[in-house]
Amino acid sequence: MKGKLTLLIIWILACANVNAKEYNASLFGVLSDGVTNNTASIQKAIDYINEQGGGTLVFYVGRYVTGTVYLKSNVYIKLQEGAILVGAASPYEYKSQGTLQGLVIAEGQQNIGISGKGVIEGNSTNFLKALKKLMDAGYIKKEPRSSLLAFNNCSNVQIDSINLWDGAYEALSVTACKKVDITLISIEGKNIPSSSGMLLKNCRDIAINNTFIKVANRPLTSIDNQNLNIQNSKTNTGTPLQSYLK
């Protein structure tokens, strides 16, 4: 019995060590010049970390342009202070997965998250300008309402200390997820008329703490959630987020 317990402890520690591994994004050819489209390189990094059993992809100071990337189980993204993940201007760079559209999306994954004091920037002025041209020309028929972060049917999701700025639509969309922890995040629409805060729908066990939201449209939309706990969170006018649950 003692031998089995020892093996179990070793296995748990091994798993923890794997998930604690950090990988510098630059090692995968990701460039911080604010010009290069890094979509393929970032996805390669996420896929590799997932295949290795998990870990954290770390971005250091710089501007990293990207289109849609798919977050996978046991992979975490960490944006250090001064690191900015910038949404590509072209609407064609934003892909769908099931019902999801966004810059960083995850469908049916577990043990995932985004943290750090960095920024995910929607680049909405340039995005909306490009979108209007394409829609006026008839190349795009339906407006793609892409979120900055979009998760569906995921579990054990952690979003911590990140800044979600300049999104054209909802900054954060979380649907049909369970065990979601949202802490110390800041959402700012940067005066974009179509900007919104968070959409939470059909989720279970969600905690929102110390969160700030400043957007032109509704800061929080909550639909059919179970065990939603909000503390010390408000809008730029001082309105508690709990007010939007009614």
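Residue numbering note: each chain is counted from 1, following its sequence as written. With pLDDT at 70 or above as the cut-off, local features in this predicted model cover only qualifying residues; side-chain atom pairs require 80 or more to be listed or tallied, and sums for whole chains, interfaces and linings still use all residues. Heavy atoms throughout the structure, all of them, feed into the side-chain values; hydrogens and water do not.

Q: Can you walk me through the overall build of the protein chain in this structure?
A: For the protein chain, the count of helices and strands is three helices and 23 strands. Expected size for 246 residues packed as a compact globule is a radius of gyration near 18 Å; at 18 Å, the protein chain falls within 12% of this value. For the protein chain, the spread of C-alpha atoms along the three principal axes comes to 70 × 45 × 30 Å. In the protein chain, buried positions account for 47% of the 246 residues. Restricting to contacts in the protein chain with at least 6 residues of sequence separation, those with at least 24 account for 61%. With residues, only the protein chains shown are counted as cover, and all accessible areas are computed by Shrake-Rupley using a 1.4 Å probe. When the accessible surface of the protein chain is totalled, it reaches about 12000 Å², and 51% of it is carbon and sulfur. Under this rule, positive means Lys or Arg and negative means Asp or Glu; His and the chain ends count for nothing. A single reference atom marks each charge: NZ on Lys, CZ on Arg, CG on Asp, CD on Glu. Averaging the positions of the 24 positive and the 17 negative side-chain charges in the protein chain gives two centres separated by 3 Å. Numbered from the N terminus, helices here are DSSP runs of H or I no shorter than four residues, and strands are runs of E no shorter than two. As a reference, a globule follows 2.2 Å times the number of residues to the power 0.38, and the radius of gyration itself is taken over C-alpha atoms. Working definition: with a 1.4 Å probe on protein chains only, accessible area under 20% of the residue-type maximum means buried, over 50% means exposed, and in between means partly exposed. Note on contacts: a residue pair qualifies if any of its non-hydrogen atoms lie within 4.5 Å across the two residues.

Q: What's the story with the nonpolar core in this structure? I'm lost.
A: Generally speaking, soluble globular proteins have nonpolar side chains that are buried together. Put simply, a nonpolar core is a bunch of buried Ala, Val, Leu, Ile, Met, Phe, Trp, Tyr and Cys residues held in one set by side-chain atoms that sit within 4.5 Å of each other. Grouped together as the largest cluster of nonpolar side chains are 57 residues, with contacts concentrated most on F59, I120, F151, L164 and L172. Broken down by element, this core gets its largest block of residues, four residues, from helix 2 (residues 39-51). Those residues in contact with I120 that lie beyond four places of it in its chain are L79, L85, L103, I114, L148, L149, I162, N163, L164 and W165. By size, the runner-up hydrophobic cluster in this structure holds five residues, among which are V65, I84, A88 and V119.

Q: What is the right way to read unusual backbone geometry from this model?
A: Excluding glycine, residues mostly carry a negative phi; peptide bonds, for their part, are mostly trans. Not every positive phi belongs to a glycine, and N191 is a case in point at roughly 65°. Tracing the backbone shows N191 in the loop between strand 17 (186-188) and strand 18 (196-201). Given the relative accessible area of 72%, N191 is considered exposed.

Q: Is there a simple way to think about the pattern of salt bridges in this case?
A: Think of a salt bridge as a Lys or Arg side-chain nitrogen and an Asp or Glu carboxyl oxygen that are within 4 Å of each other. Using the criterion set out here, one finds five salt bridges in the structure. Taking the shortest distance from any N to any O, the salt bridge between R63 and E121 comes out at 3.0 Å. Here R63, found in strand 4 (residues 62-66), pairs with E121, found in strand 11 (residues 119-121); they are 58 residues apart in sequence, far enough to count as distant. The exposure class of R63 is partly exposed, given its relative accessible area of 34%. Ionic pairing is found between E188 and K190, a salt bridge with its closest N-O pair at 3.7 Å. K190 sits in the partly exposed class, given a relative accessible area of 41%.

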